[in-house]
Amino acid sequence: QVQLVESGGGLVQPGGSLRLSCTASGLTISRYYMSWYRQAPGKERELVAQIISTGGSTNYADSVKGRFTISRDNARNTVYLQMNILKPEDTAVYYCNAGRSTFVYWGQGTQVTVSS
């Protein structure tokens, strides 16, 4: 059974940093496109960052380029999202996603709140 478990969310002041983790079981992350999505209240879920299975190339939403970094540790079967210079508009539930062909899996989400 596949499980994606996110952690690392919380409350942070504007300008601060957080690192989210997504640990997978039941699949090997190096064989999947691994992504972070977020959903703010009243808004649609949006892609934040993605790391592809082959070569490790990354893609980012324009709103987070230069501030967020996605990475993976294959030995730990874990994907990270380093978030720096956080802004109030980054407030959302962040979800980990694994995709390969027709297989798509989601984590339960972790809340990130940026507020003073």
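Residues numbered from 1 in each chain as written. Predicted model: local features only at pLDDT ≥ 70, side-chain atom pairs only at ≥ 80, totals over all residues. Heavy atoms only, no water.

1. Regarding the environment of Arg72
Turning to step 1, where the next piece is worked out: Looking at where Arg72 falls in the secondary structure, it is placed in strand 7 (residues 68–73).
Turning to step 2, where the next piece is worked out: For the pair formed by Arg72 and Gly56, sequence separation is 16 residues and the distance between their alpha carbons is 8.6 Å.
Turning to step 3, where the next piece is worked out: Ignoring sequence-local partners within four residues, the contact set of Arg72 consists of Ile29, Ser30, Tyr32, Ile51, Ile52, Ser53, Gly56, Thr78 and Val79.
Turning to step 4, where the next piece is worked out: Among the polar contacts made by the side chain of Arg72, one reaches the main-chain carbonyl oxygen of Ile52 at a distance of 2.8 Å.
Turning to step 5, where the next piece is worked out: Within polar-contact distance, the side chain of Arg72 engages the backbone oxygen of Ser53 at 3.1 Å. (Helix = DSSP H or I, 4+ residues; strand = E, 2+ residues; numbered from the N terminus. Contact = heavy atoms within 4.5 Å. Polar contact = N/O pair within 3.5 Å; in protein donor to acceptor, adjacent residues only side chain to side chain.)

2. Quick look at the sheet that holds strand 7
Turning to step 1, where the next piece is worked out: Taken in spatial order, the four strands line up as 1-3-8-7 in an open sheet, and their pairing is antiparallel. Sheet topology places strand 1 (3–7) and strand 7 at the edges, where each strand pairs with a single neighbour. Put simply, the sheet's adjacent strands are angled 15 degrees from each other on average, direction ignored. (Pairing = 2+ DSSP bridges. Axes fitted to C-alpha atoms, helices over the stretch in contact; angles between N-to-C directions.)

3. A short note on the side chain of Ser35
Turning to step 1, where the next piece is worked out: Inspection of the secondary structure assignment puts Ser35 in strand 4 (residues 33–39).
Turning to step 2, where the next piece is worked out: Only 3.1 Å separates the side chain of Ser35 from the side chain of Gln50, close enough to count as a polar contact.
Turning to step 3, where the next piece is worked out: When residues no more than four places from it in sequence are discounted, the contact partners of Ser35 are Leu47, Ala49, Gln50, Ile70, Tyr95, Cys96 and Asn97.

4. Examining the packing of aromatic side chains
The way to describe two aromatic rings as a pair is by their centre distance and the angle between their planes.
Turning to step 1, where the next piece is worked out: Scanning the model with the defined rule gives three aromatic pairs in all.
Turning to step 2, where the next piece is worked out: Residue placement shows Arg45 over the ring face of Tyr95; its charged tip is 3.7 Å from the ring centre.
Turning to step 3, where the next piece is worked out: Directly above the ring of Tyr32 sits Arg100, whose terminal nitrogen or CZ lies 5.8 Å from the centroid. (Phe/Tyr/Trp six-rings, centres within 6.5 Å; stacked < 30°, edge-to-face > 60°. Lys NZ or Arg CZ within 6 Å of the ring centre and 35° of its normal.)

5. Points about the state of the cysteines
Turning to step 1, where the next piece is worked out: Under the counting rule described, the total for this entry stands at one disulfide.
Turning to step 2, where the next piece is worked out: What pairs with Cys22 in a disulfide is Cys96, and their sulfur atoms sit 2.1 Å apart. Across the disulfide from Cys22 to Cys96, rotation about the S-S bond amounts to roughly -75 degrees, and the bridge is consequently left-handed. Of the two residues, Cys22 is situated in strand 3 (residues 18–25) and Cys96 in strand 9 (residues 92–100); the sequence distance between them amounts to 74 residues.
Turning to step 3, where the next piece is worked out: By relative accessible area, which is 0% here, Cys22 ends up buried.
Turning to step 4, where the next piece is worked out: By relative accessible area, which is 0% here, Cys96 ends up buried. (Disulfide = S-S within 2.5 Å. Buried < 20%, exposed > 50% of the residue type's maximum accessible area, 1.4 Å probe, protein only.)

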